Amino acid sequence: MQGNVQKIFVPLTAIVVLLILWEALVWFMGWPTFKMAAPSDIWPAFLRFQPMFWEYGWQTLWRTVAGLGLAVLFGTLIGMIMGLSRIMNDALYPLLVGFNAIPKATVVPVVALMFVGQHDFNTILIAFLISFFPIAVSVAIGLSTLEPEYRDILRSLGASRFTVFWKIALPKTLPEFFGALKVAVTLAFIGTNLVEIITPHGRGLGHLFQSAQINSDFPLMFAVLIALAALGIILYYIVVALERIFAGWADRTAT
Amino acid sequence: MGNLIEIKGVTHAYQTKAGPLPVLDNLNIGVPEGSFCAVVGPSGCGKSTLTRLIAGLMFPDQGEVWLHGELVKSPRKTVGMAFQNPVLLEWRTILQNVILPLEIVAPSMPKRQKEERARELLSLVGLDGFENKRPSELSGGMRQRASLCRSIVHKPDVLILDEPFGALDAFTREDLWQTMHELRVKEPFTAMLITHDLRESVYLGDQVVVLSGRPATTQYIMDIPMPGPRPLDMLYTPDSVEKLAVLRKQIQIAQGRTDAEAA
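Position labels on residues start from 1 in each chain and follow its written sequence. A letter from A marks each chain and a number from 1 marks each ligand, given out in the order of writing. Under the rules for a predicted model, residues below a pLDDT of 70 receive no local features and side-chain atom pairs below 80 are neither given nor counted, while totals for whole chains, interfaces and linings still include all residues. The basis for the side-chain values is all heavy atoms of the structure; hydrogens and waters are excluded.

**Details of the domain arrangement of chain A**
Residue and element names in this part refer to chain A. Note the following rule: Start and end points for every domain follow an automatic or database-based domain assignment. Any two residues whose heavy atoms approach within 4.5 Å at even a single point are treated as in contact. The quantity reported as buried area is the accessible area (1.4 Å probe) lost by two parts once they are put together, taken as the sum for both. Between Lys or Arg on one side and Asp or Glu on the other, a salt bridge is scored when a side-chain nitrogen of the former is within 4 Å of a carboxyl oxygen of the latter.
According to the domain assignment, chain A contains domain 1 (1–30) and domain 2 (38–250). With 4 residues of domain 1 at the interface, the matching set in domain 2 holds 6 residues. Around 450 Å² of area is buried between domain 1 and domain 2 when both sides are counted, 72% of it from carbon and sulfur atoms. Counting the contacts that link domain 1 with domain 2 gives 0 salt bridges.

Written as C-alpha cells, this is what we have:
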C-alpha cells in the first residue's frame, strides 16, 4: 500500500515542482510569451479553448491508437515471418531497415497525394508506418533466439509448429514485444501529429497547434504541447498496464 | 529384439561448410524395458545427437532406431525429455509447467485430472507446497526436479535425459540421483541418460555404455546388475570403485590418450 502511495505521490510532486520552477524562471527572466509561456499563461489558454482540446484530443488519440493497432498486427506478422524463416529474415531485413531510415515527414506529402482527402486514413497510415518497425524487429529477434530445447520438449511429443509457437514462442516473446510497444506508442503519436501539422485538414491537436501558430497565440501553442505530453503519458502507461497483465511474470522485482 | 530401445547400426553426419562431419558411426545400443542405460563419452562425441534421434526429432543417415518394436519415423507421444537446462516456462506456475506435456498428449483429459497427476509427481520429488510458485522463485535443484516431473507426467515409455544434473552442485546432484531411484520404483520407465559423470552413470545405470570419440561408436558396455533403489554408499564399495576405474580407463581410450591400451 505504501508503495502505491509513493508511486502516485512522488511523480505528482515532481510535476508540481517542475511547474513552480518553470513559472519562477519565466517570471525571473521576464520572458514574453512568444519566447516562453509560463504555466499561469498556459492554463487560461487551455480553459478558453477547452471544448476544442477534448474534440481534437480525441481525434488525435483514436487515430494514434488505430495506427498503433495496425502496427501491432502487421509488425507481429512480419516479425513472425522473419523469426521463423531464415530466408525471409535475410530477404526482408535490409528492406525494413531502408524503409525505416526514410524520414516519415517526407512520406506525408506522398501519402497525401496518393489518397487525396482521406485524412483519417492518411493519418492512421503514417502512424502505422512510423511505429511498426520496432515491433517487427523485436518479435523476429524473440522468435529466432528461442533456445532449441524449448522447442524440443513439445516437438518430441509430436506437437505441431503452431502449437510450439502458441504455447512457447509467443508468450516467451511477450517481454520483448512490450518493450518495443513502449517505443512504438510514442512513435505512432509523433506520426499522427506529423500529418496533422503538415497536411492542413482541420483535425487533431496538431491542427490546433497550427492555428495557434497562425494566430500568434503562443500560450495556446504551449497548451497544445502540454496536452500532447499528457496524452503520450496516458498511452504509455496503458501499455505498461497491459505489460503487467500479460508479461508480469518477467518482472523479477515484483514479488 | 526384446529391447524397448533398439539402436541398430546408426551412422550420422552433419553437413557443414567444410564438408560432412561424421558424429555417429555404426552405433548399436539395446535397452530392455524398464532398464536404465547411462551413456558416457568424451565431450562433443555426438551424445546429444543420439537423444534427438531417439526422440524422432532427427533421422540417421544410416541405421535404424526402434522403440517398442516400431521404427522411429516421427516424434512419438510416448517420449519424455529433460535437459541440463530445465527449460521451464517462466510465465507458468510450477504446476502448469508440469502439466504441459499432457496438454499435447491428452488434450481431452479433464483439467482437474491433469493437475491431480502433476501434484502427485511434485509431491514424489518433494515439491509439495511449490505448485503455485513461478520457476524464478525456485532454486536450481528444485527447478530440475520440476523438469523431471514434466518429463514423466504423461507416463512416457522412454525417458531421455540429456545431462539433467550437469549444472547442479555436488550435493544437490546426489539428492537428485536418489530421487531418480525413488521415481523409478513408483513410475516405471525405460531411460537413457547422457552424462559426463562416471559416478552418476554407475549409481543410476543398469548398463553403462561408453562411446568412442567422434565419430562415436559403441566402445564398451558394462552391466551393473543391482536392482532396486541403491544406497549412495554403494559408490564407495570396492566393487564400484573398480568399476569406476574400468570406466575411466575406457574414457581415456575414447579420448585417444592411451593408444597402447586400446589395441
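**A look at empty space enclosed by the protein**
Going by this rule: Cavities and pockets are defined on a 1 Å grid built over the protein atoms alone: a cavity is a set of grid points where a 1.4 Å probe fits but cannot escape, while a pocket is an open set with protein on both sides within 12 Å along at least five of seven lines, and lining residues are those with an atom within 4 Å of any such point. Grid points are joined across faces, edges and corners, and a volume is the space filled by probe spheres set on the points. Helix and strand assignments come from DSSP, with helices taken as H or I runs of at least 4 residues and strands as E runs of at least 2, each series counted from the N terminus. Under the convention adopted here, Pro, Cys and the residues Ala, Val, Leu, Ile, Met, Phe, Trp and Tyr are nonpolar, Asp, Glu, Lys and Arg are charged, and Gly plus all remaining residues are polar.
Going through the model one piece at a time under the given rule, you end up with 1 cavity of 30 Å³ or more. I153(A), S156(A), L157(A), V79(B), G80(B), M81(B), P101(B), R150(B), S151(B) and H154(B) together form the lining of the largest cavity. Looking at the lining of the largest cavity, the elements with two or more residues in it are strand 6 (79–83) and helix 4 (140–152) of chain B. Here the lining of the largest cavity takes 3 residues from strand 6 of chain B, the largest share from any one element. Its residues assigned to classes, the lining of the largest cavity comprises 5 nonpolar, 4 polar and 1 charged.

**A look at the layout of surface pockets**
Residues and elements named next belong to chain A. Computed from the structure, the largest pocket encloses a volume of approximately 630 Å³. Lining of the largest pocket is provided by 21 residues; of these, F46, A223, I226, A227 and A230 occupy positions nearest its centre. Listing elements by their share of the lining of the largest pocket, those giving two or more residues are helix 1 (2–29), helix 2 (39–48), helix 3 (50–84) and helix 10 (218–247). Here the lining of the largest pocket gets 7 residues from one element, more than from any other, and that element is helix 10. For the lining of the largest pocket, the residue count by class is 20 nonpolar, 1 polar and no charged. Structurally, the lining of the largest pocket is a two-domain feature, drawing no fewer than three residues from each of domain 1 (1–30) and domain 2 (38–250).

**So, a nonpolar patch on the surface**
What counts, and what does not: Without a salt bridge and with relative accessible area above 30%, a residue can belong to a patch; like charges are then joined within 9 Å and nonpolar side chains (Val, Leu, Ile, Met, Phe, Trp, Tyr) within 5 Å. Under the convention used here, a 1.4 Å probe and the Shrake-Rupley method define accessible areas, while residue burial counts only the protein chains that appear.
A cluster of nonpolar side chains, I234(A), I238(A), L242(A), I245(A) and F246(A), forms an exposed patch at the surface whose accessible area comes to about 490 Å². In this structure, L242(A) sits in helix 10.

**Considerations on the interface of chain B and chain A**
Stated precisely, the cut-off is as follows: Under the rule applied, a polar contact is a pair of N or O atoms within 3.5 Å (in protein, one hydrogen donor and one hydrogen acceptor; residues adjacent in sequence only if both atoms are side-chain atoms).
Listed by partner, the interface residues are 26 residues for chain B and 18 residues for chain A. A combined buried area of about 1900 Å² lies between chain B and chain A, and 70% of that area is made up of carbon and sulfur atoms. In this assembly, chain B and chain A are joined by 2 salt bridges. A salt bridge links K167(A) to E103(B), with the shortest nitrogen-to-oxygen separation between them at 2.9 Å. At the boundary of chain B and chain A, one finds 3 residue pairs in polar contact (both at pLDDT 80 or more). Residue assignment for the side of chain B that touches chain A shows that the elements contributing at least two residues are strand 6 and helix 2 (94–105) of chain B.

**Here's the deal with the packing of aromatic side chains**
Residue and element names in this part refer to chain A. The test is simple: What counts as a ring pair is set by centres within 6.5 Å for rings of Phe, Tyr and Trp (its six-membered ring), and what kind of pair is set by the plane angle: stacked under 30 degrees, edge-to-face over 60, tilted for all other angles. For every residue, the accessible area obtained with a 1.4 Å probe (protein chains only) is divided by the maximum for its type, and the residue is called buried under 20%, exposed over 50%, and partly exposed between those limits.
Scanning all chains against the criterion turns up 14 aromatic pairs over all chains. Relative to F132, the ring of F128 has its centre 5.6 Å away and its plane inclined at 25 degrees; by these criteria the two rings are stacked. Taken together, the residues F128 and F132, both in helix 6 (residues 119–144) and 4 residues apart, mark about one turn of the helix. On the basis of relative accessible area, F132 is assigned to the buried category, the value being 5%.

**Looking at the sheet that holds strand 4 (residues 62–67) of chain B**
Residues and elements named next belong to chain B. Worth spelling out the cut-off: For two strands to be treated as a pair, DSSP must find at least two bridges joining them.
The strand order across the open sheet built from 4 strands is 2-1-4-5, with neighbouring strands paired in antiparallel fashion. The open sheet has two edge strands, strand 2 (19–32) and strand 5 (70–71), and neither has a second partner. Two strands pair when backbone bridges link them, and strand 1 (residues 3–16) and strand 2 are joined in this way by 10 bridges, in the antiparallel orientation. Looking across to strand 2, one finds that T16 is bridged to G19.

**A short note on the packing of helix 3 of chain A against helix 6 of chain A**
Residue and element names in this part refer to chain A. The criterion, for reference: What counts as an axis is a line fitted to C-alpha atoms, over the stretch in contact for a helix, and the angles between N-to-C directions run from 0 to 180 degrees. Crossings are classed by handedness, with left-handed meaning an anticlockwise turn of the near helix from the far one by less than a right angle and right-handed meaning a clockwise turn.
The N-to-C vectors of helix 3 and helix 6 enclose an angle of 35 degrees; their axes lie 5 Å apart at closest approach. As for how helix 3 packs across helix 6, the hand of that crossing is right-handed. Its residues assigned to classes, the contact of helix 3 with helix 6 comprises 20 nonpolar, 9 polar and 2 charged.

**Quick word on helix 3 (residues 111–124) of chain B**
All names here are of chain B. To be explicit about the condition: Expected span of a helix: the number of residues minus one, times 1.5 Å. Working note: the arc is built from the helix axis to C-beta atom directions.
Taking 1.5 Å as the rise per residue, helix 3 with 14 residues should run 20 Å; its terminal C-alpha atoms sit 20 Å apart, in good agreement. Taken together, the buried positions of helix 3 are K114, E115, R117, A118, L121 and L122. For helix 3, the buried positions fall inside an angular range of 160 degrees around the axis, keeping them on one side. The exposed set on the far side of helix 3, more than 90 degrees from its buried face, consists of R112 and E116. In the core, the buried residues of helix 3 are packed alongside helix 2 and helix 4.

**Considering unusual backbone geometry**
Leaving glycine out, the prevailing phi sign among residues is negative, and the prevailing peptide bond configuration is trans. All names here are of chain B. Positioned with a positive phi, K155 is a non-glycine residue whose angle comes to about 50 degrees. Tracing the sequence through the fold places K155 in the loop between helix 4 and strand 7 (158–162). At E163, a position not held by glycine, the phi torsion is positive, near 50 degrees. Using a relative accessible area of 17% as the deciding quantity, one classes E163 as buried.

**Details of the pattern of salt bridges**
Going through the model one piece at a time under the given rule, you end up with 18 salt bridges over all chains. The partner of D120(A) in a salt bridge is R203(A), with the nearest N and O atoms 3.2 Å apart. In this pair, D120(A) sits in helix 6 while R203(A) sits in the loop between helix 8 (161–198) and helix 9 (204–214), placing the two residues 83 residues apart along the sequence. Since its relative accessible area comes to 27%, D120(A) is described here as partly exposed. Residue classification places R203(A) among the partly exposed positions, given a relative accessible area of 29%. With a shortest N-O distance of 2.5 Å, R52(B) and D152(A) are connected by a salt bridge. Pair noted here: R52(B) is in helix 1 (residues 47–54) and D152(A) is in helix 7 (residues 148–155), and the two residues belong to different chains. A relative accessible area of 25% means that R52(B) is categorised as partly exposed. The network of salt bridges with common partners includes R63(A), D120(A), E196(A) and R203(A).

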